[in-house]
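Survey of secondary and tertiary structure
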Amino acid sequence: VVPVLTVDGPGGAGKGTISRLVAERLGWHLLDSGALYRLTALAAAKHEVPLDDEAGLAEVARELDVVFRAEGDATTVLLEGRDATTTIRTEQIGDAASQVAALPAVRQALLKRQRDFRQAPGLVADGRDMGTVVFTDAPLKIFLTASAEERARRRHLQLQEAGVDANLSSLLKEIQARDARDMQRSVAPLKPADDAITLDTTRLTIPEVVDRLTELLTE
Ligand code: C5P
């Protein structure tokens, strides 16, 4: 069977960056499952499907026409043939994504699509329920955390680098609200798998975390 490394945790813990770097180092495929929820939210807005229409949103998720195109160390995301790489990264889409992600029919609709990413020689799967639902048999499951303050600070820095004005304290509030929604929802709530290793990255650098994960994989 093809090995999977699952990397779950709250937003801003560094999952995206860490998962990409580990996948690059190993030459493995990468699944950014959050992008699928973000794309579902964006496609729903495009097709004017309201955020409380569960069946309609599940249909949008099932029909999602998306291509992930790797270009060097960046990935371009195409939705219905159009570049959606930066559009899906806004706070507004992130918020809508977390709302559609709370709907069981939407999660069900995205299940097979996520599992199809499991291809040789291996997969790094980044998300909230990679270890608890999607790849329960993964040989290594990591739960990445960091304090909410640190995660807000990182998000702030990221936005500044992208030239986006943002307010640190409102970012912190948004992160806390998103955490609460992700942890309290009844389907696939955000929590470490029973067999996951929890890594707090608050005081770790990105290379330190990448090294730690590659070490764990070869142990
Ligand atoms: O990780 P990212 O911020 O892109 O995820 C956006 C939203 O999608 C999260 O807030 C979460 O609600 C949802 N999500 C999820 N399950 C995943 C990945 C993301 O519910 N595996």
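Up top you'll find the structure we're talking about.
Notes on the structure follow. (Residues numbered from 1 in each chain as written. Predicted model: local features only at pLDDT ≥ 70, side-chain atom pairs only at ≥ 80, totals over all residues. Heavy atoms only, no water.)

Concerning the nonpolar core
Core analysis: the largest hydrophobic core is formed by 36 residues, its most contacted members being L39, L64, I88 and F135. Mapped onto this core, the elements with two or more residues apiece are α2 (33-46), α3 (54-63), β4 (74-79), α4 (91-100), α5 (104-115), β6 (123-127) and α6 (130-134). With 8 residues, α2 is the single largest residue contributor to this core. Once residues lying within four places of it in the same chain are set aside, the contact partners of L39 are L64, V66, F68, V77, L79, A84 and I88. Membership of the second largest hydrophobic core comes to 16 residues, among which are L140, L144, L199 and V210. (Core = buried A, V, L, I, M, F, W, Y, C linked by side-chain atoms within 4.5 Å. Buried < 20%, exposed > 50% of the residue type's maximum accessible area, 1.4 Å probe, protein only. Helix = DSSP H or I, 4+ residues; strand = E, 2+ residues; numbered from the N terminus. Contact = heavy atoms within 4.5 Å.)

Some points on the sheet that holds strand β1 (residues 4-8)
Taking strand neighbours across the sheet as the criterion, the 5 strands line up as β2-β6-β1-β7-β8 in an open arrangement whose pairing is parallel. Sheet topology places β2 (29-32) and β8 (197-200) at the edges, where each strand pairs with a single neighbour. When the angles between neighbouring strand axes are averaged without regard to direction, this sheet yields 20°. The pairing of strand β7 (residues 140-145) with β8 spans 4 bridges and is classified as parallel. Opposite L144, over in β8, you have L199 as the bridge partner. In this fold helix α9 (residues 206-218) packs onto β1, β7 and β8, with an angle of close to 160° to the strand it touches most, β7. (Pairing = 2+ DSSP bridges. Axes fitted to C-alpha atoms, helices over the stretch in contact; angles between N-to-C directions.)

As for the pattern of salt bridges
Enumeration over the complete set of coordinates arrives at 18 salt bridges. E71 is the partner of R69 in a salt bridge, and the nearest nitrogen-oxygen pair spans 3.3 Å. The class for R69 is partly exposed, based on a relative accessible area of 41%. Several salt bridges share partner residues, and in doing so they unite E91, R155 and R178 into one network. (Salt bridge = Lys/Arg side-chain N within 4 Å of Asp/Glu carboxyl O.)

Details of the site of the ligand
R38, R107, D129, D182 and R185 are the nearest of the 17 residues found near the ligand. One of the side-chain nitrogen or oxygen atoms of R107 is found 2.7 Å away from an oxygen atom of the ligand. Take R128: an N or O atom from its side chain is 2.9 Å from an oxygen atom of the ligand. Protein contacts shield 96% of the accessible area of the ligand, which totals 450 Å² for the unbound molecule. Elements with a minimum of two residues in the shell around the ligand: α2, α4 and α8 (168-184). (Near = heavy atom within 4 Å. Polar contact = N/O pair within 3.5 Å; in protein donor to acceptor, adjacent residues only side chain to side chain. Areas by Shrake-Rupley, 256 points an atom, 1.4 Å probe, with all protein chains shown as cover.)

Brief notes about the packing of α3 against α5
Between two packed helices, both the angle of their axes relative to each other and the distance between the axes serve to describe the pair. At a minimum axis separation of 8 Å, α3 and α5 run at an interaxial angle of 10°. As summarised for this structure, α3 and α5 are arranged roughly parallel, according to the angle between their axes. Residues E54, L57, A58, A61, R62 and E63 of α3 touch α5, and the partners they reach there are P104, A105, V106, A109, L110 and R113. Grouping the constituent residues of the contact of α3 with α5 by class yields 8 nonpolar, no polar and 4 charged. (Parallel < 35°, antiparallel > 145°, perpendicular 65-115°, else oblique. Nonpolar A, V, L, I, M, F, W, Y, C, P; charged D, E, K, R; others polar.)

Some details on the environment of V49
Relative to the helices and strands, V49 resides in the loop between α2 and α3. Its relative accessible area of 17% is what places V49 among the buried residues. In this structure V49 touches A44, G56, L57 and V60, once residues within four positions along its chain are discounted.

Examining the sheet that holds strand β3 (residues 66-71)
Read from one edge to the other, the open sheet built from 3 strands follows the order β3-β4-β5, with strand pairing classed as antiparallel. Each edge of the open sheet carries a strand with a single partner, namely β3 and β5 (82-83). Across 6 bridges, the pairing between β3 and β4 is antiparallel. The residue bridging F68 from the neighbouring strand is V77, located in β4.

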